[in-house]
Amino acid sequence: MAPSRIAADRAPRRPAAGFPPLPLAALAAGLGLTSWVQAQTPTAPPAPAAAASAPAASAAAVADTVVGETRLRKITVKGRGEAPGKDSLKAETTRIGKGRQELRDIPQSVTVVTEKLILDRHLDTLKDTLKNTAGISFLSAEGGEEDVRLRGFSLQASGDIFIDGMRDPAFYERDSFHWDRLELLRGSASMLFGRGSTGGAANQVSKQPELVTRHQVDVTLGSGSYLRGVGDFNVVTGEDAALRVVGMSNLADNDGAGNRIDKEGLAATYAWGIGTRNEFQVGLYHLKNRNGIHYGLPWLESNNADANHLWKTDPAHYYGAASDRNHGSADYLSLLHVHRFQGGGELRTQARVAEYERDLRASAIRFAAASLQPGGAAVTHATFGDGTVLTRGNNVKIQDMRTKYLQSDFSRRFKALGMAHQLLAGVDAAREDFENFGGSAITKPRTTVGTPDDGGGVDESTRVITQNRAFTAKGLGVYAQDLLQIAPMWKLLGGLRWDRFEGTYHNLSPAASTNVCAVAPRSKVSRSDSLMSKRFGVLFQPTPYSSYHLSYGTSFNTSGDAYQYDAGTVNTDPESSRNVELGAKLDAADGQATMRVALFHSTKYNERNRDAETADACNYVLSGKRHAAGLELDFTGRITPAWEVYGSYAWIPSARVDRSSGAAGTEAEGSRPGLTPRHTGTIWTTYQLTPQARIGGGLNARSSDKPAGLAATSPLVAPSFVTVDLMGEYRVDDALSFKVNVNNLADRHYADMLYRGHYQPGKGRTVLVTGTYRF
């Protein structure tokens, strides 16, 4: 049946009726949830086969013939509780699995952060938004690459960030101004996305043109001279055509963590044929960052097991040079065509051409030598004070990237061999051209702990910039997946994907490197890999409101994921990973709330290590192995018509380096990997006091953690933390409202992003006031 647009209910009609009981008693008992769930809900009668296998809300489609073309008549039908992103914390469907699917039909954990949560908590960036999902940690790397870890495995460094299902691989400060939602798929997913995807994948979903004219302008003022304006304009230009334009400008002297903000963005998308047999879309996106950068603070007494390694200073203090910067841009053109077949099925083809620029000039802050400190004493907790002398290093990363992507995905529901099928199949091709530039060193003035923001800097125009390397990556992937209804309550999923990845690395430096493994000056090396990825799952859906799954998926990481080879990695095969998950998705009977729970075991079983048994320092072996296993829990929706909750929690009790070569730079066998905290979580709740007034509050928490790559004997640990956020909103009328956010209420100084030599503090207390006008 051809799809039609669905306009879901915007407001709850009655309190949530609770969740159905868990038939998988072992799972529920293991999680300690059986008694709670059964106390909430009476037993629901078994659903008929049709109800168990399809969404409770189905879209009707009627065909009209207009000048020889079949057009789908626009029909509004009521959904099963899902509302648009600005009006609900809860989501029912996703495209992160390629074709549009109900979340209950995906045998893998997916967390969705809707636009309402983004606006409620004032989440401006990808990093801020990911903090509102569990199992996330952040690496503050040497080059300023803010690598994201999910379940302890790299997300951003391996290119596992996407926009509307297409790879978004560059390092830049992503802004949320154009998002409808952020989707986080957890666990191995190379069957869907190709290389990477060990920890999972993050998909930024763009705002789409709609067949209703409406506009919204948000203006925010806040601490640190914060000023942000976002305008979202949607105009209907024809019976089935619309234009959506979203613009953003953001300025701040200090974001609460020492960073200067100066950025602007514009996204314009025009669509025609919306909801018809042939739908077209063209989109332009521009983001320009002229931000500052807080590179980090050195750990205090990093070799003392009894010490608190964090500074006791205002988290907003900045010690970098006034000339430091984190500039960058992202520009892309997107094209989309959707063809809906008369007998059912959809072919979705999209292309994107993008250019990215990055110009980072930063200062790694370190304690000066003892001879330069007051009294000639090395820095300890006892000697640390306002007079402690700090040095500023030279950290330069200038990068350009050009990407081209083309992908086509076919989806169709049909019956064959007595079973219902949901088929997904597609092909994608990619080319990525990466260029890296280095810069000469410039001596920067020293500073002290007692003189933050001292204005000291250098003339960056005197720095000599030279290109030192280039990398070209080409990829081709073909996949197919089928979800079969093998019995009234049972579904079976199977998928395979074949990928070919080719990488060519060009060392452009004229002189030999001090790195003995570096590729020879002015020479090229290349390699290619062809791999298969697998995905299997079983779903048990006894009612329209409950779905249980057991799944298995694989992923791989090539040596060229970071756009660089050396003499060893160019000869090293890809790493492999797998994820096993047992989970459930439970919906309240009225569709107003949903809960997701999962037990997972993720393993990278041939991790790339330097070979410690040979004299060749450039020889790599796939001898490493590590795993992370634990529990994840999400809860989203309305407890009552006035009370709405979003929560996400991850517990990883078991994480271990199972095998290691023991070579320098590898984590010790038997140790817990860094950036894999045992507990991470967030909760956010709001309550509608009156038709005009709404209040909210939430917590973000992480247990103690440590940087990745530490020596086995290192006692360095980042302490646990909990931060508190508050919100109050008053709606004057349907057009005008005002909102106040207070984030990190206690002004807690905590280590947000971790590295062996330093940490980046999280944002201190910030107060933001937002005025919203809808028309």
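Since the model is a prediction, treat every value here as computed from it, not as a measurement. Along each chain, residue indices are assigned from 1 in the same order as the chain's sequence is written. Local features in this predicted model are restricted to residues of pLDDT 70 or higher, and side-chain atom pairs are both shown and tallied only at a pLDDT of 80 or more, whereas totals for entire chains, interfaces and linings draw on every residue. Think of the side-chain values as coming from all heavy atoms in the structure, minus any hydrogens and water.

### Considerations on the confidence of the model for the chain
Each residue gets a pLDDT score, which is the predictor's confidence in that residue and runs from 0 to 100. Model confidence for the chain is summarised by a mean pLDDT of 88, while 87% of its residues fall at 70 or above. Low pLDDT (under 50) marks residues 1-17, which in the prediction has 54 contacts with non-local residues, meaning those over four places away or in another chain. We call two residues in contact whenever any of their non-hydrogen atoms come within 4.5 Å of each other. Low pLDDT (under 50) marks residues 20-83, which in the prediction has 136 contacts with non-local residues, meaning those over four places away or in another chain.

### Digging into the pairing of strand S32 (residues 620-638)
Using a 1.4 Å probe on the protein chains alone, a residue whose accessible area is under 20% of its type maximum counts as buried, one over 50% counts as exposed, and one in between counts as partly exposed. Only runs of H or I of at least four residues qualify as helices and only runs of E of at least two qualify as strands under DSSP, and these elements are numbered from the N terminus. Counting buried positions along S32 yields 14 of 19 residues, so the element is predominantly enclosed. By the convention used here, strands pair only if DSSP detects at least 2 bridges between them. For strand S31 (residues 593-610) and S32, the ladder comprises 15 bridges, and the chain directions are antiparallel. Bridge pairing in S32 places Met 595 opposite Phe 635. Pairing of S32 with strand S33 (residues 643-659) involves 13 bridges; the strand directions are antiparallel. Within S33, the position partnered with Ala 629 by the bridge is Ser 654. Counting the residues in the hairpin turn of S32 and S33 gives four residues.

### A few points about the pairing of strand S24 (residues 419-439)
Note that strand S23 (residues 395-416) and S24 share 19 bridges and pair antiparallel. Within S24, the position partnered with Arg 402 by the bridge is Asp 433. Counting the residues in the hairpin turn of S23 and S24 gives two residues, including Leu 417, whose phi is positive at 55 degrees. Where S24 meets strand S26 (residues 465-487), 20 bridges bridge the pair, whose relative direction is antiparallel. Bridging across to S26, Glu 432 finds its partner in Ala 473.

### Some thoughts on the sheet that holds strand S21 (residues 365-367)
Read from one edge to the other, the open sheet built from three strands follows the order S21-S22-S25, with strand pairing classed as antiparallel. Strands with a single pairing partner mark the edges of an open sheet, and in this sheet they are S21 and strand S25 (447-448). Examined bridge by bridge, strand S22 (residues 389-392) and S25 share two bridges and lie antiparallel to one another. In the strand pairing of S25, Val 389 is matched with Thr 448.

### Some thoughts on the side chain of Thr 198
Mapped onto the elements, Thr 198 comes out in the loop between helix H6 (190-193) and strand S12 (200-206). Relative accessible area serves as the criterion here: at 4%, Thr 198 is assigned to the buried category.

### Some details on the packing of aromatic side chains
Only rings of Phe, Tyr and Trp enter the pairing, Trp through its six-membered ring, and a pair is recorded when the two centres are within 6.5 Å. The plane angle decides the type: under 30 degrees is stacked, over 60 is edge-to-face, the rest tilted. According to the stated counting rule, one finds 19 aromatic pairs in the structure shown. Centre to centre, the rings of Phe 367 and Phe 384 are 6.3 Å apart; their planes meet at 80 degrees, and the pair counts as edge-to-face. One end of the pair, Phe 367, is in strand S21; the other, Phe 384, is in the loop between S21 and S22, with 17 residues separating them in the sequence. Given a relative accessible area of 19%, Phe 384 falls into the buried group. Through a chain of ring-to-ring contacts, three or more aromatic side chains come together here, namely Trp 311, Tyr 319, Phe 367 and Phe 384. Either the NZ atom of lysine or the CZ atom of arginine qualifies as a charge over a ring when it sits within 6 Å of the ring centre and within 35 degrees of the ring normal. Across the ring face of Phe 600, the terminal group of Arg 151 is positioned such that the distance to the ring centre comes to 3.9 Å. Above the plane of the ring of Tyr 332 lies Arg 352, whose end atom (NZ or CZ) is 4.8 Å from the centre.

### Notes on unusual backbone geometry
Of note, Arg 151 is a non-glycine position whose phi angle comes to about 55 degrees, a positive value. Within the fold, Arg 151 resides in the loop between strand S7 (146-150) and strand S8 (153-154). One non-glycine residue, Asn 744, adopts positive backbone phi at about 50 degrees. Note that Asn 744 resides in the loop between strand S37 (736-743) and strand S38 (751-754). Judged by its relative accessible area of 4%, Asn 744 is buried.

### A look at the environment of Thr 603
By secondary structure assignment, the location of Thr 603 is in strand S31. Owing to a relative accessible area of 4%, Thr 603 belongs among the buried residues under this scheme. Along the chain, Thr 603 and His 627 lie 24 residues apart, while their C-alpha atoms are 4.2 Å from each other. Setting aside chain neighbours within four positions, we find Thr 603 in contact with Ser 576, Ser 577, Arg 578, Lys 625, Arg 626 and His 627. Separated by 3.1 Å, the side chains of Thr 603 and His 601 make a polar contact. Whenever a nitrogen or oxygen atom comes within 3.5 Å of another N or O atom, the pair is scored as a polar contact, on the condition that within protein one atom can donate a hydrogen and the other can accept it, and that pairs from neighbouring residues in sequence are kept only if both atoms are in side chains.

### Considering the pattern of salt bridges
We define a salt bridge as a side-chain nitrogen of Lys or Arg found within 4 Å of a carboxyl oxygen belonging to Asp or Glu. Applying the stated rule across the entire model yields 54 salt bridges. Across the salt bridge formed by Lys 86 and Asp 232, the nearest N and O atoms sit 3.2 Å from each other. With a gap of 146 residues between them, Lys 86 in the loop between strand S2 (69-72) and strand S3 (93-94) and Asp 232 in strand S14 (residues 226-238) connect regions that are remote in the sequence. Given a relative accessible area of 4%, Asp 232 falls into the buried group. Across the salt bridge formed by Asp 433 and Arg 431, the nearest N and O atoms sit 2.9 Å from each other. Judged by relative accessible area, which is 33%, Arg 431 ranks as partly exposed. Salt bridges sharing partners connect three or more residues here, namely Lys 86, Glu 115, Lys 207, Glu 210, Arg 214, Asp 232 and Arg 244.

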